[in-house]
Amino acid sequence: MKKNEIVFLLVLAVLSGLLLLFFLLTNNASTKAIISIDNQEIATLDLNKNIIKTFTDGHVSLKVEVKNKSIRIIEIDCPNHLCVKQGFIQTTKEKIVCLPNKVIISIEGKNNEENLDGVQ
Amino acid sequence: MYFVLKIKNIKIILIVLGLLLLAVGGYLLFKQQQSTLPSIFEGRVLMDTEIDLTLYGLDTKRLNTAKIGGFQLVENIDKLSNALLEDPLPGSIAWLNSSPETTNIAVDPDVLAQISVAKEYYLPSNREYNIGLLKLSSLFKQSALEDRLPTTEEINTIIAESNLDQVTIDLEQQTISRPLGTYFDLGSTGKGYSADRLYDYLLTQKSVQGALINAGGTIKVLGLKGSKEEDAIFKIGLQSPDAKQEIIGTVSLTDNQSLATSGDYYRYYTIKGQNFSHILSGTEGFPKTYFKSVSICTSSALNADILSTVLYLIPQEDGQKLLESLPFKAEALWITSEGKILKTPGFEIQFKELNKLEGGYFYEEK
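Draft legend 1. Geometry of helix α9 (residues 316–325) of chain B. Residues and elements named next belong to chain B. The set of residues buried in α9 consists of Q316, G319, Q320, L322 and L323. Taken around the axis of α9, the buried residues stretch over an arc of 160 degrees, which confines them to a single face. Away from its buried face, by an angle of more than 90 degrees, α9 presents the exposed residues K321, E324 and S325.

Have a look at this one:
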């Protein structure tokens, strides 16, 4: 077996491996949470990194937690705290909405079980 | 010789493996491109709720233009339909409510269209569905703040003052006559009306091949998501009234179909630890408790929106009769306060395993 043949085969194997890795990664790692206040996007969070963070925009301040590829609101100033009680959301069709503060947290990426187009 | 053969084997194995991986990669890439059309999405807080637009089409730049136009349309309807707006636009609902006139008041076509359709349901609902009860909602809101139950006198005074029988509409002149004391509330119509108007507007946009309009839970569907057969179907998960993250079943919608749900779980007033649905009875004031939710599937989103509220307020048998008397086809799904699920035969839904859900749901076929 010639040396360049081995090199060729190794390159082929490495390329294939990389290609597969690329698909695996893009299928998995692209979930982000988008936080917007009063229709203005204020932050994007990678759902693969667990974090607790506080965002402030004008007179709205909210504390969110990212854990196990899901996100929730821990603290926010509103009358009923429906958004806090809702707990974690995980799929692209779920959403946390805090109407008094006009806060929306939505998820972007492809991890939608059963391919639902919407929920109500 | 033996050594060479071994290497040759490895060579073959490697080649096969490499080709296989390339094939898988290529297939995935192909699948990604071949599936649904490109889409854009935006959600905005409007009409005291969230309006979501998902548009499908090849030219995403033009889709964006269509999207912006769509949101402008809803912003306009919002300004006209918001009863609590200070400094109201002439012809808007807030303007009508504060008008000292009683006869032939000129109002905006967007407002009149909502009032005239909603009024059609007043008598068929045995006066349970009344859009002239803005003051009743305000009373419950205020009572919740003070944590006291509204008194029967307070409720009866408001109901007596708001007599929809005495409201007359002139569609040609675009005017309305109403007794003073009737304060209109378009909370049960604005979302559906906006979804219908969005649908009509998006139809005129050539770049839009498909759309999912979600106006605060009132959903209307347009066109296709792609070229395959299943791309004509938009699957909507119906949330459980007891646990929002759970889904009772999925409903498949196609072009020009709408789905609306009214329930006791989405908005309510909490008084003395008890939750009262925001859907108030036009005869008793306090909300009816027949159902946890009612869902309606029909072509017009405005009618779906209104019907889900109407049927929430009247017993199931009455609702069924009302549906049958309509000049158009409308299907319903009721979830009673005990968790029993009833539906008209035409309401197509793929149920989940109901016994595994929180809330004790069970389906009763009729």
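Draft legend 2. Fine view of the interface of chain A and chain B. Between chain A and chain B, the residue contacts involve 26 residues of the former and 44 residues of the latter. Of the roughly 3,000 Å² buried between chain A and chain B on both sides combined, carbon and sulfur atoms contribute 61%. Our count for the chain A to chain B interface comes out at 3 salt bridges. Put simply, K95 of chain A and D52 of chain B hold a salt bridge, and the shortest N to O gap is 2.5 Å. Across the side of chain A that touches chain B, the residue classes tally to 13 nonpolar, 6 polar and 7 charged.

Draft legend 3. Layout of the nonpolar core. L55, I115, I176, F184, L202, L307 and L311 of chain B are the most contacted members of the largest nonpolar core, which totals 65 residues. The biggest single contributor to this core is helix α8 (residues 301–313) of chain B, with 9 residues. Counting residues in hydrophobic clusters, the runner-up holds 22 residues, among them L45, V60, C83 and I105 of chain A.

Draft legend 4. Highlighting a nonpolar patch on the surface. Together, V7, V11 and L15 of chain A make up an exposed nonpolar region whose accessible area comes to about 270 Å². Position of V7 of chain A among the secondary structure elements: in helix α1 (residues 3–28).

Draft legend 5. Spatial organisation of the confidence of the model for chain A. Averaged over all residues, the pLDDT of chain A is 83; the fraction at 70 or higher stands at 89%. When pLDDT is averaged over each helix and strand of chain A, the minimum, 77, is found for α1 of chain A and the maximum, 92, for strand β5 (residues 70–76) of chain A.

Draft legend 6. Structural view of the packing of helix α7 (residues 190–203) of chain B against α8 of chain B. Residue and element names in this part refer to chain B. α8 packs onto α7 with a crossing angle of 165 degrees between their chain directions and a minimal axis gap of 7 Å. Regarding the angle of α7 to α8, the classification is roughly antiparallel. By crossing handedness, the relation of α7 to α8 is classed as right-handed. Residues K191, G192, Y193, A195 and D196 of α7 pack against A301, L302 and D305 of α8. Of the residues belonging to the contact of α7 with α8, the class tally is 4 nonpolar, 1 polar and 3 charged.

Draft legend 7. Just the packing of aromatic side chains, in detail. All names here are of chain B. Here the structure, examined in full by the defined rule, presents 6 aromatic pairs over all chains. Here F140 and F286 contribute two aromatic rings whose centre-to-centre distance is 5.3 Å and whose plane-to-plane angle is 85 degrees, an arrangement assigned as edge-to-face. Taken together, the residues span a long stretch of sequence, with F140 in helix α5 (residues 134–146) and F286 in the loop between β12 (274–277) and β13 (291–298) at a distance of 146 residues. Ring geometry for Y290 against F291: centres 5.9 Å apart, planes inclined by 55 degrees, an arrangement best described as tilted. The partly exposed category is assigned to Y290, whose relative accessible area is 32%. An aromatic cluster of three or more residues is present, and its members are F140, Y269, F276 and F286. Looking at K220, its charged tip hangs above the ring of Y199, at a distance of 4.5 Å from the centre. Lying over the aromatic face of F234, K225 brings its terminal NZ or CZ to 5.2 Å of the ring centre.

Draft legend 8. Representation of the sheet that holds strand β3 (residues 105–106) of chain B. All names here are of chain B. If you walk across this open sheet you meet the 3 strands as β3-β5-β4, and the pairing is antiparallel. Edge positions in the sheet fall to β3 and β4 (168–170), since each of these pairs with one other strand and no more. Both β4 and strand β5 (residues 175–177) contribute to a ladder of 3 bridges, which runs antiparallel. Bridging from a neighbouring strand, I169 pairs with I176 of β5. Along the sheet face, helix α4 (residues 109–119) touches β4 and β5 and points at about 130 degrees away from the line of β4.

About the criteria used
Residues numbered from 1 in each chain as written. Chains lettered and ligands numbered in written order. Predicted model: local features only at pLDDT ≥ 70, side-chain atom pairs only at ≥ 80, totals over all residues. Heavy atoms only, no water. Buried < 20%, exposed > 50% of the residue type's maximum accessible area, 1.4 Å probe, protein only. Helix = DSSP H or I, 4+ residues; strand = E, 2+ residues; numbered from the N terminus. Arc of directions from axis to C-beta. Contact = heavy atoms within 4.5 Å. Buried area = accessible area lost by both parts, 1.4 Å probe. Salt bridge = Lys/Arg side-chain N within 4 Å of Asp/Glu carboxyl O. Nonpolar A, V, L, I, M, F, W, Y, C, P; charged D, E, K, R; others polar. Core = buried A, V, L, I, M, F, W, Y, C linked by side-chain atoms within 4.5 Å. Patch = residues over 30% accessible without salt bridge, like charges linked within 9 Å, V, L, I, M, F, W, Y side chains within 5 Å. Areas by Shrake-Rupley, 256 points an atom, 1.4 Å probe, with all protein chains shown as cover. pLDDT = per-residue confidence, 0-100. Axes fitted to C-alpha atoms, helices over the stretch in contact; angles between N-to-C directions. Parallel < 35°, antiparallel > 145°, perpendicular 65-115°, else oblique. Left-handed = near helix turned anticlockwise from the far one by under 90°. Phe/Tyr/Trp six-rings, centres within 6.5 Å; stacked < 30°, edge-to-face > 60°. Lys NZ or Arg CZ within 6 Å of the ring centre and 35° of its normal. Pairing = 2+ DSSP bridges.

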